[in-house]
Amino acid sequence: MITTSAAEFRDALPDGGVLIGLDIGSKTIGTAFCDAGWSFASPAELIVRSKFAKDKARLQAALATRPTAGIVIGLPINMDGSESPRSQSSRAFARNIDDLGLPILLWDERWSTAAAERAMIEADLSRAKRAERIDSAAAAHILQGAIDALVA
């Protein structure tokens, strides 16, 4: 199941459970996990993109580290609400991992990278450290927004 509806996604997960958040980029995939009670999201591993089969295998390895119930993928929407080629790329990625058998929520990720960067600047991280952590931090921001909507 792939949806943009938080309610539909929540209904597919009646007992809650650990979720993984993904920030899909052209060069990397940032990952984040939340606790089973949907309280907080934390950045996790950064997957450096290569061929899709390898990317999917790395994602499956990350999923194997926790009993994951669902996937939240950042959907890059333009400021005017329209979709872009990056949106279509995220939708295609979701379709390509749908066979993992987990519900997938496509979540509006506008401002996620900017918010993650702002938080890292406030934490006084150097530019180099921000560059290596930004995608996973953005994934955590995306996932936190989704879980906040799921428990509301």
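The shown structure was predicted, so the numbers you read here are calculated from the model rather than taken from an experiment.

S.K.: For this particular structure, what's the right way to read the pairing of strand S2 (residues 18-24)?
M.R.: The two faces of a sheet get side chains in turn, since along a regular strand they alternate between them. Most of S2 is tucked away: seven of the seven residues are buried. Here S2 shows no split at all, with Val-18, Ile-20, Leu-22 and Ile-24 on one side and Leu-19, Gly-21 and Asp-23 on the other all buried. Sheet topology places S2 next to strand S5 (residues 68-75); five bridges connect them, and they run parallel. Pairing of Ile-20 across the sheet is with Ile-71, part of S5. The sheet contact formed by S2 and strand S3 (residues 28-34) spans five bridges and is antiparallel. Looking at the pairing, Gly-21 lines up with Ala-32 of S3. Counting the residues in the hairpin turn of S2 and S3 gives three residues.

S.K.: Sorry if this is basic, but what is going on with unusual backbone geometry here?
M.R.: What is expected of a backbone is that most residues other than glycine have negative phi and most peptide bonds are trans. Phi at Trp-38 takes a positive value of approximately 60 degrees, unusual for a residue other than glycine. Mapped onto the elements, Trp-38 comes out in the loop between S3 and strand S4 (41-48).

S.K.: Can you walk me through helix H2 (residues 52-63) in this structure?
M.R.: Residue pairs spaced three or four apart in an α-helix point in one direction, given the helix's 3.6 residues per turn. With 12 residues, H2 should cover 16 Å at 1.5 Å per step; its first-to-last C-alpha distance of 16 Å lies within 8% of that length. Every buried residue of H2 is listed here: Asp-55, Lys-56, Leu-59, Ala-62 and Leu-63. Here the buried residues of H2 occupy an arc of 115 degrees about the axis, which is enough to place them on one side. Facing away from the buried side of H2 by over 90 degrees, the exposed positions are Ala-53 and Lys-54. On its buried side, H2 packs onto S2, S3, S4, S5 and helix H3 (85-97).

S.K.: When you look at the confidence of the model for the protein chain in this model, what are you seeing that I'm missing?
M.R.: Caution applies to low-pLDDT regions: their predicted coordinates should not be interpreted in detail. On average, residues of the protein chain carry a pLDDT of 85, and 84% of them reach 70 or more. Per-element mean pLDDT across the protein chain ranges from 64 in helix H4 (residues 112-122) up to 94 in S5.

Rules used in this analysis
- Residues numbered from 1 in each chain as written.
- Predicted model: local features only at pLDDT ≥ 70, side-chain atom pairs only at ≥ 80, totals over all residues.
- Heavy atoms only, no water.
- Buried < 20%, exposed > 50% of the residue type's maximum accessible area, 1.4 Å probe, protein only.
- Helix = DSSP H or I, 4+ residues; strand = E, 2+ residues; numbered from the N terminus.
- Pairing = 2+ DSSP bridges.
- Expected span 1.5 Å × (residues − 1).
- Arc of directions from axis to C-beta.
- Contact = heavy atoms within 4.5 Å.
- pLDDT = per-residue confidence, 0-100.

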